[in-house]
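Each chain is listed here by its residues.
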Amino acid sequence: SSGINAEWPLRPGARDLNLDVLRIEGYRKFCNKMWNAAKFALMQLGDSYTAPDRDLMTCKLETANFSTIDKWILHRAAVAISDTNTSLKEYQFQQCTTAIYNFWLYDLCDVYLEATKRVFYKGSEDEKEAARHTLYTCLDVGLRLIHPFMPFISEELWQRLPRLGTETAPSLVVASYPRTGALWLDTQLESRVNLVKDIVHTARSVKDTYLESKAKPEVFLSTSESLSDLIAVMEDLIGSTKLHLNESIPLGTAVGTVGNRCEVHVLVKGLVDPVQEINRLQTKREGVEKFVQQTKETIDKHTDKVPEHVRQANCNKLSSLQDELVTIDTAIANFRKLTDN
């Protein structure tokens, strides 16, 4: 069943609580994620790894050459620490668990671990050292944060980690709780990586539409954003043999857009039927044109009573839709050139 009713026996006049079994199963899988993340980390750290002599969340290690993605995950750890402590002070326990869950699942497992596999397999020794210190710090912080809510698995995994040079606590039960990581907070970096995640999502969506899941096509990005230091990360997360940044777009690419910030072109030449794609894009264009017209009509109906932020939002929406039309027209033109050849 999708849920069961359970009585709460400790309160007079017990009420029925809706207990979703599927959610319990989801958190069981989350525990598996944590376990596998720790297993991967311990394998990469190795038996000879020595933990930093001080907490990296409060004191930078000058000898380590941290990459952009290292700095980003330490920033996300700092955000999780801040959000968790704020929510605890306000007795918002659901917000606490959400912040910690999101850090573990969406930041550490889904992005950072996947992005650093290349470093551990092909990187220089300096890159590996920085990644090891970062990975260790994130695990240590993540386990400390989640311990009040999941004490048994967090204790088991923490006992397997090396100890910080300043750590004397024999157990997480009496170990210090993370309080700050402000040293690593970087909102500009977060904005850039958020764009990268949107690009990865768009590229994967295009791949799923045209290609088999195991395909590793070349990807071409057109953007004014500074992303050169994250090309390798995008290649790994997308599953691309090579990612080209602001180079000429060849014929035979399928295109996706990330608002008006980036165009994502996936090379599909020889793998799809150009005629079918032209028909599909024309249908998509009709839908976008319809939204353009609706947005224009909404803007034309604006009166002095319409708040300025609403006016601006509609104007931004119209601009984004018009940019999307240009991108679709470019893709149609490219596929037509393939049919001419």
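Located above this text is the structure these notes cover.
Computed from a predicted structure; not experimentally measured.

Participant: In this structure, what is going on with the pattern of salt bridges? I would like to understand it.
Facilitator: Where charged atoms from two side chains of opposite charge come close, those side chains can pair. Overall, the coordinates contain 16 salt bridges when judged by the stated rule. Here Glu-125 and Lys-128 are joined by a salt bridge, their closest N and O atoms 3.9 Å apart. Remark: Lys-128 and Glu-125 occur in helix H4 (residues 125-146); sequence separation between them is three residues, near one turn of the helix. On the accessibility criterion, Glu-125 (54% relative accessible area) is exposed. Residue classification places Lys-128 among the buried residues on the basis of a relative accessible area of 15%. One salt bridge connects Glu-167 with Arg-144, and the closest N-O pair in it is separated by 2.5 Å. Residue Glu-167 is found in the loop between helix H5 (151-158) and helix H6 (187-210), and its partner Arg-144 is found in helix H4; the two are separated by 23 residues along the sequence. The same class applies to Glu-167 as to Arg-144, namely buried. Here the residues in one salt-bridge network are Arg-76, Asp-107 and Glu-190, joined through shared partners.

Participant: How should I be thinking about the sheet that holds strand E6 (residues 262-267) in this particular structure?
Facilitator: Within the open sheet, the four strands sit side by side as E4-E3-E6-E5. Their pairing is mixed. In this open sheet, the two edge strands, each paired with only one partner strand, are strand E4 (243-245) and strand E5 (253-258). In this sheet, neighbouring strand axes are inclined to one another by 20 degrees on average, regardless of whether the strands run parallel or antiparallel. With five bridges joining them, strand E3 (residues 219-223) and E6 adopt antiparallel strand pairing. Paired with Ser-222 across the bridge in E6 is Glu-263. Against the sheet, H6 contacts E3, E5 and E6, and its axis sits at roughly 145 degrees relative to E5.

Participant: Explain unusual backbone geometry here, please?
Facilitator: Note: most residues except glycine have negative phi, and most peptide bonds are trans. One non-glycine residue, Tyr-91, adopts positive backbone phi at about 60 degrees. In this structure, Asn-246 takes a positive phi of about 55 degrees despite not being glycine. By the secondary structure assignment, Asn-246 is in the loop between E4 and E5. What makes Asn-246 partly exposed here is its relative accessible area of 45%.

Participant: Help me understand the side chain of Asp-107, please; the structure alone is not making it clear to me.
Facilitator: Residue placement: Asp-107 occurs in helix H3 (residues 93-122). Overall, the relative accessible area of 3% leaves Asp-107 in the buried class.

Criteria and thresholds
- Residues numbered from 1 in each chain as written.
- Predicted model: local features only at pLDDT ≥ 70, side-chain atom pairs only at ≥ 80, totals over all residues.
- Heavy atoms only, no water.
- Salt bridge = Lys/Arg side-chain N within 4 Å of Asp/Glu carboxyl O.
- Helix = DSSP H or I, 4+ residues; strand = E, 2+ residues; numbered from the N terminus.
- Buried < 20%, exposed > 50% of the residue type's maximum accessible area, 1.4 Å probe, protein only.
- Pairing = 2+ DSSP bridges.
- Axes fitted to C-alpha atoms, helices over the stretch in contact; angles between N-to-C directions.
- Contact = heavy atoms within 4.5 Å.

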